[in-house]
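Below, each chain spelled out in residue letters.
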Amino acid sequence: MIPMSFQLRERYGTWALVTGASSGIGCRFARELAAEGMNLLLIARRICLLEKLREELVEKHGIEVRCVKVDLSADDALTTVADACEDLEIGMIVLSAGTGVPGPFVECDMEAEKRILILNGLAPVEMTRWFLPGMYERGKGAILMVSSLMGFQGVPYMANYSATKGYLLNFGEALHHECKAGGVDVLVVAPGATETPGAHLHEVDYSKLPLSWMSAEEVVDAALKQIGKKVFVIPGVRNHLTACLSGGLWSRGFVQRIMKRLARHALASKLVK
């Protein structure tokens, strides 16, 4: 019988790749997969944080860990990642890197918005296309994509971000059904408000929003329990109910009006009306 702590390694292989692994949800995925006995290829821009995490995981779990400094919104990002693991069989990829900038779209930095499109949308597509053939060849593998509760509807003042997360939700949902026959499990996790360093990068007064915060540990635990079982997982009962409400066509306008009203209180811009 396979020990409980090594089931993912047995199902998918000995190596997993995690993007956005330097902090937040990606970092937590790295820790949980290390506890499952999986060797790790960690991807992020902040190499110093990756190296610190590598030391922790090697000492605690005795696994192999490679760290690669990559800006996934750069033109040569996929080449850098591919070169770093050309001698490895990557059995699982966790696509958790992502970002967004709150505020009126009319005020946005267009270059920054283009990078968001690439990081949240194009990069996961390219990474999936690169690693999927090897998984098909071996007849096993897993692809886990981190979307967002905002992906279930357009969110005023987070227009580009919610659109990219909606794309990821639909992309992963479609691939779940495409890849099942090839032995590859695809899961999309759509967290709500999650307590991570990235949540505090912008001027948002969260005290004025009716948020129920979850920890990264809760999000990752929910995802790993459902991989191979569901198309997507929405951690937290309250978040699941919110998604059920906002996903219905009859309710989309209602939810968007609420989100717009909340943004007036939480964002500082004078153009939030």
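I will try to describe carefully the structure that is included in this document. Sequence order as written defines residue numbering, which begins from 1 separately in each chain. Whole-chain, interface and lining totals are the exception, using all residues; otherwise, since this is a predicted model, local features are given only for residues with pLDDT of at least 70 and side-chain atom pairs are given and counted only at 80 or more. Side-chain descriptors were evaluated using all non-hydrogen atoms of the structure, hydrogens and water having been removed beforehand.

### Focus: the sheet that holds strand E2 (residues 39-44)
Working step 1: At least two bridges found by DSSP between two strands is the condition for calling them paired. Helix numbering and strand numbering both begin at the N terminus, where a helix is a DSSP run of H or I of at least 4 residues and a strand a DSSP run of E of at least 2. Spatial ordering of the open sheet is given by E3-E2-E1-E4-E5-E6-E9, a layout of seven strands whose pairing is parallel. Edge positions in the open sheet fall to strand E3 (65-69) and strand E9 (232-233), since each of these has one partner strand only.
Working step 2: Where E2 meets E3, five bridges bridge the pair, whose relative direction is parallel. Note that in E3 the partner of Leu41 across the bridge is Arg66.
Working step 3: Along the sheet, helix H3 (residues 47-61) contacts E2 and E3; its crossing angle with E3, the most-contacted strand, is approximately 175 degrees.
Working step 4: Contacts are assigned to residue pairs that have any heavy atoms within 4.5 Å of one another. All axes here are fitted lines through C-alpha atoms, helices being fitted over the stretch that makes contact, and every angle between N-to-C directions spans 0 to 180 degrees. Of the strands in this sheet, strand E5 (141-146), strand E6 (184-189) and E9 are in contact with helix H6 (residues 159-179), which crosses E6 at around 155 degrees.

### Here's the deal with the packing of helix H5 (residues 110-138) against H6
Working step 1: Between H5 and H6, the least distance of the axes is 9 Å, while the angle of their chain directions is 10 degrees. Comparing the axis directions of H5 and H6 gives the class roughly parallel. Along this stretch, H5 crosses H6, giving a crossing that reads as right-handed. Across from Glu113, Ile116, Leu117, Asn120, Gly121, Pro124, Val125, Thr128, Leu132 and Tyr136 in H5, the residues of H6 making contact are Asn160, Tyr161, Thr164, Lys165, Tyr167, Leu168, Phe171, Leu175, Glu178 and Cys179.
Working step 2: For this classification, Asp, Glu, Lys and Arg are treated as charged, while Ala, Val, Leu, Ile, Met, Phe, Trp, Tyr, Cys and Pro are nonpolar and the rest, including Gly, are polar. Across the contact of H5 with H6, the residue classes break down as 12 nonpolar, five polar and three charged. Roughly parallel here means an angle under 35 degrees, roughly antiparallel means over 145, roughly perpendicular means 65 to 115, and every remaining angle is called oblique. Should the near helix be turned counterclockwise from the far one by less than a right angle, the crossing is left-handed, whereas a clockwise turn marks it as right-handed.

### What about the pattern of salt bridges?
Working step 1: The term salt bridge refers to a pairing of a side-chain nitrogen on Lys or Arg with a carboxyl oxygen on Asp or Glu at a separation within 4 Å. Counted by the stated rule, this structure contains nine salt bridges.
Working step 2: With a closest N to O distance of 3.7 Å, Asp185 and Arg11 form a salt bridge. Of this pair, Asp185 sits in strand E6 while Arg11 sits in helix H1 (residues 7-12), placing them 174 residues apart in sequence.
Working step 3: Looking at Asp185, the relative accessible area reads 18%, which means it is buried.
Working step 4: Categorising residues by exposure relies on relative accessible area from a 1.4 Å probe, with only protein chains included: less than 20% of the type maximum marks a residue as buried, more than 50% marks it as exposed, and the intermediate range marks it as partly exposed. The class for Arg11 is partly exposed, based on a relative accessible area of 34%.
Working step 5: Arg28 is paired through a salt bridge with Glu217; the nearest N and O atoms lie 3.7 Å apart. Within this pair, whereas Arg28 is found in helix H2 (residues 24-35), its partner Glu217 is found in helix H7 (residues 216-226), the two being separated by 189 residues in sequence.

### Quick look at the pairing of strand E1 (residues 15-19)
Working step 1: Where burial is concerned, most of E1 is hidden: five out of the five residues are buried.
Working step 2: One ladder, built from five bridges, connects E1 with E2; its direction is parallel. Paired with Leu17 across the strands is Leu41, a residue of E2.
Working step 3: In the classification by handedness, the crossover that spans E1, the intervening H2 and the parallel E2 is right-handed.
Working step 4: Two elements, E1 and strand E4 (residues 90-95), share five bridges in a ladder whose sense is parallel. Bridge assignment links Thr19 to a residue of E4, and that residue is Leu95. Whether a crossover is right-handed depends on one test, that the path from the first strand over the helix to the second runs clockwise when the strands point away from the viewer.

### Details of the nonpolar core
Across soluble globular proteins, nonpolar side chains have a tendency to be buried as a group.
Working step 1: Residue types Ala, Val, Leu, Ile, Met, Phe, Trp, Tyr and Cys, when buried and joined through side-chain atoms within 4.5 Å, form a set referred to as a nonpolar core. Membership of the largest hydrophobic core comes to 37 residues, with the highest contact counts inside it found for Phe29, Leu33, Leu40, Leu42, Met92 and Leu144.
Working step 2: Within the second largest apolar cluster, 36 residues are counted, among which are Val81, Phe131, Met145 and Val186.

### Quick word on H3
Working step 1: An expected span of 1.5 Å times one less than the residue number is assigned to each helix. Taking 1.5 Å of rise per residue, 15 residues should cover 21 Å, and H3 covers 21 Å from first to last C-alpha, within 8% of that figure.
Working step 2: When H3 is considered as a whole, its buried residues turn out to be Leu50, Leu53 and Leu57. Relative to the axis of H3, the buried residues are bounded by an arc of 65 degrees and lie together on one face. Those residues of H3 that are exposed and aimed more than 90 degrees away from the buried face are Cys48, Lys52 and Glu59.
Working step 3: In the segment just after H3, Gly62 is the residue with positive phi, at about 65 degrees. This arc is taken over the directions from the axis of the helix to the C-beta atoms.

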